[in-house]
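# A look at the structure
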Amino acid sequence: MIIVLKPGISKILEQAVLAEIRKRGYHPHVMRGVARTVIGAIGDELTHASLESLALEFPQAVESVNPIQKRYKLVSREAHPADSTVTAGGQVIGGKKFQVMAGPCSVESEKQLLATAVAVKAAGATILRGGAFKPRTSPYEFQGLGEKGLKLLSKARRETGLAVITELLSETQAELVAEHADILQIGARNSQNFQLLIAAAKTGKPVLVKRGLSMKIEEWLLAGEYVLANENPNLLFCERGIRTFETYTRNTLDLSAIPIIKQESHCPIVIDPSQGAGRADLVAALCKGAVAMGADALLIEVHPNPAKARSDSAQQLSLEGFAKLMQELRPLIAAVGRE
Ligand code: PEP
Ligand code: MN
């Protein structure tokens, strides 16, 4: 903690503040500047009484009390300076290989899912996405196939060898979804549902935490902290666009989150350009930007017949569109030193 003292206070008052800091178990370091005196209080804020009340207790002496430790600890780079990797269904995310997760927004039928899985695998994807439980804004829209969708995802995994990522919507379904998925996706509408984050973490499966529609990066890091704090080290952050005043895109994909997450955290970062743009025609450019900016993986919506999709039809790539994109990404992935 950094305690800033008010200018011109008496020595007696300063000594009283120092005594209180020591009493609470911290070691005070006094730094005298030209105009101000600042005290650095060394000690673990987790195991000692808080110093935040000092400004209220010594209103004539203390101007402000400022934490220097980050509120998130386990996700921070300070806790783990090297990049961490997450292994899901045999695929390593955050390592040398740039990973592509692709598949339909929603699992709609066996034919739709299998056709997509086979095509995205042939094009180079390693992880199959597909929502079985869908978070829809309207209760009258397609809600997903539920457990039947999960079983189709398992079948697609058996037939193609792809790993599977799917969304977990409810704490009560954590075990069920974890039986069928290699990665649990926590959606943008749920990324501050703390009980859901805990339930996902406790399954032991890797957890991908999307950034919420109006979430600050610090809040997103703290949401990730819930996973690590619940003894699950397998965390992926996923930027999928935030809500702004802009209407040309469905969301504003914040690619600056890539270098920020890389600076602040050791956990891999995934970019979802599909929810990010809401428009298939922008997906390729956003993917290229994400590769260039240091993302570890992409999460892309692909459908055999996007116009007929039961959710998010405007943003899904066709099978051919996805294969073309993968070709275009290859030299960029090599240029950033990845495979
Ligand atoms: C999705 O991946 O289809 C989805 C619903 O994502 P988000 O939570 O980012 O909106
Ligand atoms: Mn979608």
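Residues numbered from 1 in each chain as written. Chains lettered and ligands numbered in written order. Predicted model: local features only at pLDDT ≥ 70, side-chain atom pairs only at ≥ 80, totals over all residues. Heavy atoms only, no water.

This paragraph deals with the pattern of salt bridges. For the structure on display, the rule yields 24 salt bridges. A salt bridge links Glu301 to Arg129; the nearest nitrogen and oxygen atoms lie 3.4 Å apart. Of the two residues, Glu301 sits in strand β14 (residues 297–301) while Arg129 sits in strand β8 (residues 127–129), which places them 172 residues apart along the sequence. Grouping residues by exposure puts Glu301 and Arg129 together as buried. Residues participating in the shared-partner salt-bridge network are Glu20, Lys23, Arg24 and Glu57. (Salt bridge = Lys/Arg side-chain N within 4 Å of Asp/Glu carboxyl O. Helix = DSSP H or I, 4+ residues; strand = E, 2+ residues; numbered from the N terminus. Buried < 20%, exposed > 50% of the residue type's maximum accessible area, 1.4 Å probe, protein only.)

A word on the coordination of the manganese ion (ligand 2). Note on the manganese ion (ligand 2): its protein donors are Cys105 (SG), Glu301 (OE) and Asp312 (OD). The metal-donor distances range over 2.1 to 2.4 Å. In the primary sequence, the donor residues of the manganese ion (ligand 2) line up as C-x195-E-x10-D. On the criterion of sequence distance, the pair formed by Cys105 in the loop between β7 (99–103) and α3 (110–123) and Glu301 in strand β14 is long-range, its members being 196 residues apart. Exposure class is identical for Cys105 and Glu301. Each is buried. (Donors = N, O, S within 2.8 Å, 3.2 Å for Na, K, Ca; no water.)

Judged by pairing direction, the sheet is antiparallel, and its four strands sit side by side in the order β2-β3-β1-β4 without closing on themselves. With partners counted over all chains shown, the strands left at the sheet margins are β2 (27–32) and β4 (62–66), one partner each. Between one strand axis and the next, the sheet turns by 20° as a mean value, whatever way the strands run. Two elements, strand β1 (residues 2–5) and β4, share four bridges in a ladder whose sense is antiparallel. Within β4, the position partnered with Ile3 by the bridge is Val65. Packed on one face of the sheet, helix α1 (residues 11–23) meets β1, β2, β3 (37–42) and β4 and runs near 145° to β2. (Pairing = 2+ DSSP bridges. Axes fitted to C-alpha atoms, helices over the stretch in contact; angles between N-to-C directions. Contact = heavy atoms within 4.5 Å.)

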